[in-house]
Amino acid sequence: MHRTGGWNIILALAAGIVLAVMIDWNSLLARHSSPLFASWTAHGVGVLASLALVTLLPTRTTTGQAAPELRWPLWSYLGGIPGAFTVLLAAITVNSALGLAGTLALMLIGQMAFGIAADAFGILGLRRALPDRRDICAIALVLCGSIVIILARS
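Residues numbered from 1 in each chain as written. Predicted model: local features only at pLDDT ≥ 70, side-chain atom pairs only at ≥ 80, totals over all residues. Heavy atoms only, no water.

Focus on the side chain of Thr103
Point 1. With respect to the helices and strands, the residue Thr103 is situated in helix α4 (residues 99–121).
Point 2. The contacts of Thr103, once residues within four sequence positions are left out, are Ala90, Thr93, Val94 and Leu98. (Helix = DSSP H or I, 4+ residues; strand = E, 2+ residues; numbered from the N terminus. Contact = heavy atoms within 4.5 Å.)

Let's talk about the packing of helix α3 (residues 80–94) against α4
The packing of two helices is summarised by the inter-axis angle and the distance between the axes.
Point 1. Where α3 meets α4, the closest approach of the two axes is 8 Å, and the angle between their N-to-C directions is 140 degrees. By the angle between their directions, the pair α3 and α4 is classed as oblique. Judged by the twist between their axes, the crossing of α3 over α4 is right-handed. Across the interface between the two elements, Thr86, Ala90, Thr93 and Val94 from α3 touch Gly99, Leu100, Thr103 and Met107 from α4. (Axes fitted to C-alpha atoms, helices over the stretch in contact; angles between N-to-C directions. Parallel < 35°, antiparallel > 145°, perpendicular 65-115°, else oblique. Left-handed = near helix turned anticlockwise from the far one by under 90°.)

Brief notes about the packing of helix α2 (residues 35–56) against α3
Point 1. With their axes 8 Å apart at the nearest point, α2 and α3 run at an angle of 135 degrees to one another. As judged from the angle between their axes, α2 and α3 are oblique. Taken as a pair, α2 and α3 cross one another with a handedness that is right-handed. Of the residues in α3, those in contact with Pro35, Leu36, Ala38, Ser39, Ala42 and His43 of α2 are Gly80, Gly83, Ala84, Val87, Leu88, Ala91 and Ile92.

Focus on the pattern of salt bridges
Point 1. Overall, the coordinates contain one salt bridge when judged by the stated rule.
Point 2. Asp132 is the salt-bridge partner of Arg134, the closest N and O atoms lying 3.1 Å from each other.
Point 3. Judged by its relative accessible area of 30%, Asp132 is partly exposed. (Salt bridge = Lys/Arg side-chain N within 4 Å of Asp/Glu carboxyl O. Buried < 20%, exposed > 50% of the residue type's maximum accessible area, 1.4 Å probe, protein only.)

This is how it looks when you write it as structure tokens:
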């Protein structure tokens, strides 16, 4: 394993934990207010944090030259829109019969399916790669586990 490989695993696990906690807190806020208010609150906090980072980060390099201007693809600016819908729909589904585990299981299925589609069709500028047996097996196993989680709740 590379030196950074261990850190990548730790960071991925930490991101999963933070995602589960965020969804739980947003759904709790939605339960006491509304899913729309919970989504606006989560994204309002994100905007404030982004503004704080932008104002705190240096805009000049150590040599006094201006930092190079970065050009991002237009689709990268749409990140907040799917995120807002994710928070909104998660706040609704967590407070339904699905619960947190069912919601996270279905979100994982959606992410895996989009990842396979993005690879297969070259979406977002990715190199085209058809799904192999491991991809199909992985999504089938996660789908079966999701069905078990959802049916066990009912």
